[in-house]
Amino acid sequence: MEFKNKQDDYQDFVNKIKDCKLCRLCEKRTQVVPGYGNLDADLMFVGEGPGEQEDELGIPFVGRAGQLLDKIFKAADLSREKDMYITNIVKCRPPENRDPEKDEIEECKSYLYYQIELIKPKVIVPLGNYSMRFFLDTTLGITKTRGTINDWNGIKIIPMYHPSYVLRNQSKKVKGETWQDILIVKKMIMNK
Ligand code: URA
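Residues numbered from 1 in each chain as written. Predicted model: local features only at pLDDT ≥ 70, side-chain atom pairs only at ≥ 80, totals over all residues. Heavy atoms only, no water.

Let us now look at the environment of Thr-30. With respect to the helices and strands, the residue Thr-30 is situated in the loop between helix 1 (6-17) and strand 1 (36-37). Under the relative-accessibility criterion, Thr-30 is labelled exposed at 55%. Between the alpha carbons of Thr-30 and Glu-52 there is a distance of 9.2 Å; along the sequence they are 22 residues apart. Of note is the side chain of Thr-30, whose polar atom sits 2.4 Å from the side chain of Asp-55. (Helix = DSSP H or I, 4+ residues; strand = E, 2+ residues; numbered from the N terminus. Buried < 20%, exposed > 50% of the residue type's maximum accessible area, 1.4 Å probe, protein only. Polar contact = N/O pair within 3.5 Å; in protein donor to acceptor, adjacent residues only side chain to side chain.)

Printed below as a string of structure tokens:
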């Protein structure tokens, strides 16, 4: 796909999806949460779906999980604004923060594909099982795939724990693995 002007094309995309009614998630959302960050970044983070605060503000990862992500980014000297673009596999909040359903992910996937084509990241970090399985055809869970470097259409996929999982499992092991993984990600974008 050829893009004329990234910013304009992105704005057209945002305008187009704000009235999306492709799946039932449109019924209870406050607003669509397309994504946030630098359209020229080499790094993309992909979460699961917006939560309550994201749905209110229209920005991904601004709630408790997002605050933990910000701490991790800060410790690794990564800037949300400069170094990355962040989005989710579904762009509307699943009610009561339930997991996104298969058909909802299916209906929403062309939006994520478009974002990847426009931004052209070198590294994508799926956060948690749902996002990891969007990219990797595996029955393995995130505890086995985290920190591994995989290829997806020429893009490196490095899964990490979802920050909500880290919040629920504040063991030394989980925290240590998360730190290891963000350092792998950082190294990959520096050596791209
Ligand atoms: N959890 C996600 O997966 N995405 C968000 O945007 C917020 C919480």
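Take empty space enclosed by the protein next. Within the structure shown, the criterion is met by one cavity of 30 Å³ or more. Of the voids in this model, the largest cavity is the one considered here, and its volume is about 90 Å³. For the largest cavity, the full set of lining residues is Cys-20, Leu-22, Cys-23, Leu-25, Cys-26, Arg-29, Val-32, Lys-91, Cys-92, Glu-107, Cys-108 and Tyr-111. (1 Å grid on protein atoms, 1.4 Å probe; cavity = no way out; pocket = protein on both sides within 12 Å on 5 of 7 lines; lining within 4 Å. Points joined across faces, edges and corners; volume = space filled by probe spheres on them.)

Below, the discussion takes up the pairing of strand 3 (residues 84-88). Remark: a regular strand shows side chains that alternate across the two faces of the sheet. Buried residues dominate strand 3, accounting for five of its five residues. Of the pairings in the sheet, the one linking strand 1 to strand 3 comprises two bridges and is antiparallel in character. Of the residues in strand 3, the one forming a bridge with Gly-37 is Tyr-85. In this sheet, strand 3 lies alongside strand 2 (residues 43-47) in parallel orientation, the contact comprising five bridges. By the bridge assignment, Phe-45 is partnered in strand 3 with Ile-86. (Pairing = 2+ DSSP bridges.)

For any two helices packed against each other, one specifies the inter-axial angle together with the distance between the axes. One way to put it is that helix 1 packs onto helix 4 (residues 102-119) with a least axis distance of 11 Å and a crossing angle of 170 degrees. Relative to helix 4, the element helix 1 lies roughly antiparallel. Taken together, the residues of helix 4 that come into contact with helix 1 (itself represented by Lys-6, Asp-9, Tyr-10, Phe-13, Lys-16 and Ile-17) are Tyr-111, Tyr-114, Gln-115, Leu-118 and Ile-119. Grouping the constituent residues of the contact of helix 1 with helix 4 by class yields seven nonpolar, one polar and three charged. (Axes fitted to C-alpha atoms, helices over the stretch in contact; angles between N-to-C directions. Parallel < 35°, antiparallel > 145°, perpendicular 65-115°, else oblique. Contact = heavy atoms within 4.5 Å. Nonpolar A, V, L, I, M, F, W, Y, C, P; charged D, E, K, R; others polar.)

The tally for this structure, following the rule as stated, stands at twelve salt bridges. Salt-bridge contacts for Arg-80 lead to Asp-70; the nearest nitrogen and oxygen are separated by 2.8 Å. Here Asp-70 lies in helix 3 (residues 64-75) and Arg-80 lies in the loop between helix 3 and strand 3, a separation of ten residues in the sequence. Judged by its relative accessible area of 10%, Arg-80 is buried. (Salt bridge = Lys/Arg side-chain N within 4 Å of Asp/Glu carboxyl O.)

What follows concerns the sheet that holds strand 3. The strand order across the open sheet formed by six strands is 1-3-2-4-6-5, and the pairing between neighbours is mixed. Looking at strand neighbours, the two that pair on one side only are strand 1 and strand 5 (150-152), the edges of this open sheet. Helix-sheet contacts for helix 4 involve strand 2, strand 3, strand 4 (123-126), strand 5 and strand 6 (155-157), and the interaxial angle to strand 2 is about 170 degrees.

So, on to the UniProt feature "domain: Uracil-DNA glycosylase-like" (unreviewed entry) in the chain. In the numbering adopted here, UniProt assigns the feature "domain: Uracil-DNA glycosylase-like" (unreviewed entry) to residues 34-183. Across residues 34-183 one finds 43% helix and 15% strand; the C-alpha atoms that close the span lie 27 Å apart. (UniProt positions renumbered as here; feature names shortened; annotations may be inferred.)

Let us now look at the site of the ligand. With respect to spatial proximity, the complete set of residues near the ligand consists of Gly-47, Glu-48, Gly-49, Pro-50, Glu-54, Pro-60, Phe-61, Asn-88 and His-162. Taking Phe-61, its main chain carries an N or O atom lying 3.0 Å from an oxygen atom of the ligand. His-162 places a side-chain nitrogen or oxygen 2.8 Å from an oxygen atom of the ligand. For the ligand, whose unbound accessible area comes to 230 Å², protein coverage reaches 92%. (Near = heavy atom within 4 Å. Areas by Shrake-Rupley, 256 points an atom, 1.4 Å probe, with all protein chains shown as cover.)

Within the secondary structure, Ser-131 sits in helix 5 (residues 129-135). In this structure Ser-131 touches Val-46, Gly-47, Ile-89 and Pro-126, once residues within four positions along its chain are discounted.

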